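Chains, contacts and geometry: an overview
Chain by chain, the residues:
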Amino acid sequence: MRIRATVAAVTGALALSALVVPAAQADSASPSKSDIQKTVQAAKSASGKSAFAAADIGEPYALDLSFSGVKINNGKPIVAGVAAQVTVPVTYKVTHAADVNLNASDFLMDVELYRGASYADYDYTLYGDEWPTCTATSTTTANCKGTIDVYPDVELINSFATTWKVGGYAIALNGEDPEAEDTDWSKVGYVEQDGLGTTRLQRLSKLTVNASPEPVVKGKTITVTGKLSRANWETHKYAGYSGQPVKLQFRKKGSTTYTTVKTITTNSTGNLSTTVKAATDGYFRYSFAGTASTPAVSAAGDFVDVK
């Protein structure tokens, strides 16, 4: 995944000058994604018109291609910790004219996540490290698979834990060389599509529990402590999640079901502490239902032997 802040002022000519296939990759199946992505995003940041409009010869035609059935991470939120890369699957269907060759070496296509007013006027985008792969289901349709790759230790800030929108684009160079002085841009096809769905990016949560003393005499007081924390993408550490309702739950020895004993609230540092009377052998745990920015989590049960 890469995140790119919108360039404040980019001309169409500048965007086109960046749209090149590196000479070192002329013999490879396709240009590197990092090279082309810079161009695609620069083109989108052009204000009020296609970035291709400044081309000396013609403008790209509207590529006859559309995206549908987009699913990010199998419909689940994307959850990231403070360091480890997170890779989630992206699947979708493409419908296109019969003369559009998805397998051409200079055909480029992807589905991305973005934040902003629209896909053409985004603030940030997230996408996968590699190009998607597509399997034709007919002469005009294909099923495609890609990824979104997230690197929280270098590319996320806490405000990114929110809903992200989904957009897609495709470029067919059709043999035209963007670096050539006589490029005929009317032979280049381009399309981008907004409104392909949404997904949510969340900060990984952790929850601990400790019930003591162990063992304990029946009828005596058990103190149950714990802490709710979540990833801080700016300090790259886990920090306490304050003011959150958390359930204290108990499971009798030999049972598989937890029942809620009470609900308490985390303090300013995310800590939890409460007391109960010892009644029977079993496991205590804390359970957090989650919020829009933070996933649900339950601590592993802590066994208490009641004498």
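Quick caveat: nothing in here was measured; it's all calculated off a predicted structure. (Residues numbered from 1 in each chain as written. Predicted model: local features only at pLDDT ≥ 70, side-chain atom pairs only at ≥ 80, totals over all residues. Heavy atoms only, no water.)

The next thing to look at is the packing of aromatic side chains. Pairs of aromatic rings are described using the distance from one ring centre to the other and the angle between the two planes. Scanning the model with the defined rule gives seven aromatic pairs in all. In textbook terms, an aromatic cluster arises when at least three aromatic residues are bridged by ring pairs, as seen for Tyr124, Phe160 and Trp164. Here the guanidinium or amino end of arginine 251 rests over the ring plane of tyrosine 283, the centre of that ring lying 4.2 Å away. The aromatic ring of tyrosine 258 is capped on one face by arginine 285, whose charged end is 3.9 Å from the ring centroid. (Phe/Tyr/Trp six-rings, centres within 6.5 Å; stacked < 30°, edge-to-face > 60°. Lys NZ or Arg CZ within 6 Å of the ring centre and 35° of its normal.)

Applying the stated criterion to the full structure yields one disulfide. A sulfur-sulfur distance of 2.1 Å marks the disulfide that ties cysteine 134 to cysteine 144. Where cysteine 134 bonds to cysteine 144 through sulfur, the torsion about that S-S bond is close to 110°, and the disulfide is right-handed. Highlighted residues: cysteine 134 in strand 7 (residues 133–136) and cysteine 144 in strand 8 (residues 141–150), separated in sequence by ten residues. Residue cysteine 144 is classed as buried on the basis of its relative accessible area of 2%. (Disulfide = S-S within 2.5 Å. Helix = DSSP H or I, 4+ residues; strand = E, 2+ residues; numbered from the N terminus. Buried < 20%, exposed > 50% of the residue type's maximum accessible area, 1.4 Å probe, protein only.)

Here we take up the pairing of strand 4 (residues 86–96). Residues in a regular strand project their side chains so that they alternate between the two faces of the sheet. The side-chain alternation of strand 4 yields one buried face, formed by Val86, Val88, Val90, Tyr92, Val94 and His96, and one unburied face, formed by Thr87, Pro89, Thr91, Lys93 and Thr95. Across ten bridges, strand 4 lies against strand 8 in antiparallel orientation. Paired with threonine 95 across the two strands is threonine 141, which belongs to strand 8. (Pairing = 2+ DSSP bridges.)

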